[in-house]
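Architecture and fold: a report
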Amino acid sequence: MFRKILALFLFMSSYYLTIPLSAAPLVDLVRKCSNAEKNKDSCPPYPWYSKQGFDEKYLYLEEADSSWKTIQFPIVLKRHYTGTKPVVTYSFLTKFSLPTHFFKKNKSIGLRMSYIGQVFSIYVNGKLLESQGKADNTGVQHYRMLRELVLELPTHILKTNNVLLIKIQGEPKHTGTGFFFKDGYEIDYQKKLREKVSDSTGFILLWLYLAIGFYHLLLYALRRQEQYNLYFAILSFIVFVYFLCRSNFLFQFRNLDTSYFERLEYMSAYLILPSMYAFHEVLFYQKVKKFTKIYGGICILLALVTLLVPLPTLSSILLTWQISALASLFYLFYILGKNAYQKNKDAIVLLIGIVLLVAAGIFDILDSIFFHIGFFASGYAFSSYILGIVALLAGRFANLYSTVEGLNRNLQEKVETIEELNQNLEKKVEERTFELQETLSQVRVLKEKQDGDYFLTTLIIKPLTSNYVRNKNVDISFLLKQKKEFQFRKKKHEIGGDICIADSIQLHGKSYTIFVNGDAMGKSIQGAGGAIVLGVVFKSVVSRTQISQESTAITPEKWLKSTFIELQNVFESFDGSMLISVVMGIVDDSNGFMYYINAEHPWTALYRDGTASFIEEELLLHKLGISGFSKSLAIQTFRLLDEDVIFVGSDGRDDIQISEDQGVRVINEDEHLFLKHLEKGGGELEKIYESIQAMGEFTDDFSLLKITYTTPKSPPQDIDMDSRYQKQVGIGKAFYQEGQIEKAIAAFEQAYTISPNNKNLLDLLTQLYAKDKQWEKAAILTLEMAEANPWDMELFLQTYKYCKQAGKFQNCMDIAERLKIREPEKLEYMLLVAEAHYLNNHWFELKKYVNRILAMQANNQEALLLQREIPKNLL
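Residues numbered from 1 in each chain as written. Predicted model: local features only at pLDDT ≥ 70, side-chain atom pairs only at ≥ 80, totals over all residues. Heavy atoms only, no water.

**Overview of the sheet that holds strand β29 (residues 702–709)**
- Here 5 strands make up an open sheet; going across it, the order is β15-β29-β25-β22-β23 and the pairing antiparallel. Whereas interior strands pair on both sides, the edge strands pair on one side only; in this sheet they are β15 (474–481) and β23 (611–614). Here the strands of the sheet are splayed against their neighbours by 20° on average, with no regard to which way each runs.
- As defined by bridge partners, strand β22 (residues 605–608) adjoins β23 across 4 bridges and the pair is classed as antiparallel. Within β23, the position partnered with arginine 608 by the bridge is threonine 611.
- Against the sheet, helix α14 (residues 685–695) contacts β15, β25 (645–649) and β29, and its axis sits at roughly 35° relative to β15. (Pairing = 2+ DSSP bridges. Helix = DSSP H or I, 4+ residues; strand = E, 2+ residues; numbered from the N terminus. Axes fitted to C-alpha atoms, helices over the stretch in contact; angles between N-to-C directions. Contact = heavy atoms within 4.5 Å.)

**Considerations on the sheet that holds strand β27 (residues 664–667)**
- Strand order in the open sheet formed by 3 strands is β27-β26-β28, and the pairing between neighbours is antiparallel. Each edge of the open sheet carries a strand with a single partner, namely β27 and β28 (697–698).
- Two elements, strand β26 (residues 656–661) and β28, share 2 bridges in a ladder whose sense is antiparallel. If you follow glutamine 657 over to β28, its bridge partner there is glutamate 697.

**Side note on the packing of helix α20 (residues 809–822) against helix α21 (residues 827–839)**
- It is at 9 Å that the axes of α20 and α21 come closest, and there the two elements cross at 155°. Regarding the angle of α20 to α21, the classification is roughly antiparallel. In this structure, the crossing between α20 and α21 has a hand that is left-handed. Contacts between α20 and α21 pair Phe809, Cys812, Met813, Ala816, Glu817, Leu819 and Lys820 from the former with Tyr829, Leu832, Val833, Ala836, His837 and Leu839 from the latter.
- Taken together, the residues of the contact of α20 with α21 sort by class into 10 nonpolar, 1 polar and 2 charged. (Parallel < 35°, antiparallel > 145°, perpendicular 65-115°, else oblique. Left-handed = near helix turned anticlockwise from the far one by under 90°. Nonpolar A, V, L, I, M, F, W, Y, C, P; charged D, E, K, R; others polar.)

**Here we look at the environment of isoleucine 335**
- For isoleucine 335, the location among the structural elements is in helix α7 (residues 314–341).
- Residues isoleucine 335 and glutamate 281, spaced 54 residues apart in sequence, show a C-alpha to C-alpha distance of 7.7 Å.
- If we ignore the near neighbours within four places in the chain, the residues touching isoleucine 335 are Glu281, Phe284 and Tyr285.

**Quick look at the nonpolar core**
- Ranked by size, the top nonpolar core spans 96 residues in total, and within it Leu29, Phe96, Ile116, Ile122 and Phe179 carry the most contacts.
- Here the element with the most residues in this core is helix α5 (residues 258–285); it accounts for 14 residues.
- Not counting residues up to four positions away in its chain, the partners in contact with isoleucine 116 are Ile122, Arg144, Met145, Leu146, Leu149, Ile166, Ile168, Gly178 and Phe179.
- Counting 50 residues, the second-largest nonpolar core is a separate cluster that includes Ile741, Ala770, Leu819 and Ala863. (Core = buried A, V, L, I, M, F, W, Y, C linked by side-chain atoms within 4.5 Å. Buried < 20%, exposed > 50% of the residue type's maximum accessible area, 1.4 Å probe, protein only.)

**Notes on the pairing of strand β19 (residues 510–520)**
- Most of β19 sits inside the fold, with 10 of its 11 residues counted as buried.
- The hairpin formed by strand β18 (residues 498–507) and β19 contains 2 residues between the paired strands, and histidine 508 there has a positive phi angle of roughly 55°.
- Two elements, β19 and strand β20 (residues 580–588), share 9 bridges in a ladder whose sense is antiparallel. Counted as the bridge partner of phenylalanine 515 is glycine 585 from β20.

**Focus: the environment of glutamine 72**
- Mapping glutamine 72 onto the fold places it in the loop between β3 (69–71) and β4 (75–76).
- Take glutamine 72: its relative accessible area is 51%, and that puts it in the exposed class.
- The spatial distance from the C-alpha of glutamine 72 to the C-alpha of proline 47 is 7.8 Å, given a sequence separation of 25 residues.

**With respect to the packing of α21 against helix α23 (residues 861–869)**
- Interaxial distance between α21 and α23 falls to 11 Å at its minimum, and their mutual angle equals 20°. Taken as axis vectors, α21 and α23 run roughly parallel relative to one another. Between α21 and α23 lies a crossing of left-handed hand. Here Leu831, Ala834, Glu835 and Tyr838 of α21 come into contact with α23, specifically with Glu862, Ala863, Leu866 and Glu869.
- Counted by class, the contact of α21 with α23 contains 5 nonpolar, no polar and 3 charged residues.

**Considering the side chain of glutamate 171**
- Relative to the assigned elements, glutamate 171 resides in the loop between β12 (161–170) and β13 (178–179).
- We note that glutamate 171 is buried and unpaired, the nearest opposite charge coming from arginine 263 at a distance of 7.6 Å.
- A distance of 2.6 Å separates the side chain of glutamate 171 from the side chain of tyrosine 143, its partner in a polar contact.
- Once residues within four sequence positions are removed from consideration, glutamate 171 is found in contact with Pro86, Gln118, Val140, Tyr143, Thr177, Leu311 and Pro312. (Lys, Arg positive; Asp, Glu negative; His and termini not counted. Salt bridge = Lys/Arg side-chain N within 4 Å of Asp/Glu carboxyl O. Polar contact = N/O pair within 3.5 Å; in protein donor to acceptor, adjacent residues only side chain to side chain.)

Nothing here speaks to function; it is all geometry.
Structure, rendered in structure tokens:
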């Protein structure tokens, strides 16, 4: 167990402390590097100019005159201003050029500011891009000190040569007035910048801290003698507040004053170390010692002072605490070193974690004083440290569980021995009875503790199993019966590895219903652990999609694929010790088209017109957590008709003990028997469960998720509108027969305004647009048709053709990728993706796909033609 905990801890540390490398930005506003210069630090600084004050005429400047001073990053006004005004205003100006080929691409450009504050206005070519915060001559009324700000640069204001002007106002004595970091100021494609500043792993870990805190708080409530659970819960809550204030999540709310976050961040930082010391002391000595009480009182005093002093003073208080923190760490090393020397395995694991954490903390302190890089190493190191402690405490729980099992076996041996004793030997009977009663008493105590842990686990998993679907077209319900039952505080509860989740999201402005049914490997608490991981990660993806507008700008195929891969990456990190079968999918609320993935889960069933059948025929994917994919990930699809019902369930629906032959259990092996239960139950969850239960005994967890689709009701057709529609169609057909295409198009367009959902009219109008070479209109119309009929693959191919003719190359990319995700091994779709990369000048991706196609079919002429278009320096 010790080796497993240590290996997990070191793996998490090495994973989170790895700094990802990224390609050079389109324009680096900090350093001016040529392509030949490999080392960024040797590049000359990017030309920036500053001037105290601000004037409207600066908006029309094209060059900085001699009154402007050159300046370099990091730009902290505290270092440049020597006056005594409470608020100063500075202007910063630079020029940047964009390559001419950029204006030919259909991509949005973004501006990234890794840090900016306190009150600012950003102008590009004299146009106001963003303005946040509020200040006057007496002081700052509304602080906006932002990290990782990414703004879109509207293409209509951009030129080849551009002027960037930034107005900064703030308290000159505050280190946060200006541009605090020395890197991370750049111009690039907006999507690339948002991917660079996003931190999905950190966001998941942030809420994991909160869940861990509540879990150990409940452990303490049930077992007050284990006080280290209380102090670890306090530490988790403080860490949650600290990293929440440092994350980008709170800065998305424009009306919030960021000075509150800054104070709260400092206060929580001061309290982390004393809570950490208290946890270690209680863990090893069962009490909080005098040093920690004194140091904790000092840190609480610093936190209270932080609430009252002016913002510029916070840096001085922070410096005082940083010095005291470095000095006090020797005490923590003393505690862990002493216990590690005594060969305490827990102390050795924690000592390794503290060494890594202190190294990251020293780097962050030096960075805040000297380097100003902006990489927050402590966040990743602390995640590894906290997860290491969780693994350590989980090891203690596993040891407790093993002790219970050992006592159970011991009890069984004693019972057998008692039966063999001579009944006439009263003395031996009394001795054995006494031993038995004592053992039973121990078992009861340990069993109560075990049931308490089971109960706490159910409290965590219960909110994850949720149904937030409120759609009148798609209705989802589920039935969940876990195999393991236990009694805690006179109430019966269940625990197991099955989980069902349903929710609603928006993609490209359309409403979708998402669902997942999982069955984690293992019984009772082991399976529940897998279900918790699935629920936490899936919920975080859904929350990110619901609050982030950028996360909704993808197709349902891409959303489902990326979600599955994110889940696979998490479960794969457990190195095969945690596997889970799953069916997850997404249903278009407007037309009932379902996209789904089945990873070694029982086949999905359709109940239509009283008849049940499976909609799958073969296994395509193994369970989540198994390393690697045997082939490309394919998204399966199915079109639901009116009143269709889909059933997804775990293998508990099939693993029924139907009889027992000479002590050997006979388990059902016919998966098609489930279809008969569906028909017998009439598609009703409770009746289906009763039908299966009547056949035999459940041997595994049982979960069943039901999806019912109802076609949206169309409003009754107005007679007058129908008459006008028929008239316009007749006029259009007459013009078409006479060869007057333009007049025919005008008549059909009038009919389209009356009845925009008539597919025959849309097909005819699209053909006329194409015949008249109005590719833009043809593309827009077929895109709308494809979105309404996502099951029509031929329509997608036609849409691709029109988008290509109209120059809508990004739409071509989206269509090609959607087709390929559904059938990843189909050569026709691979060629479409390759051509779409060529149209969008994605040379590296084009090379990858061409090589893959030629490996499959060496003489493919289309691939050979595309290969000739690849720049020679990339071949």
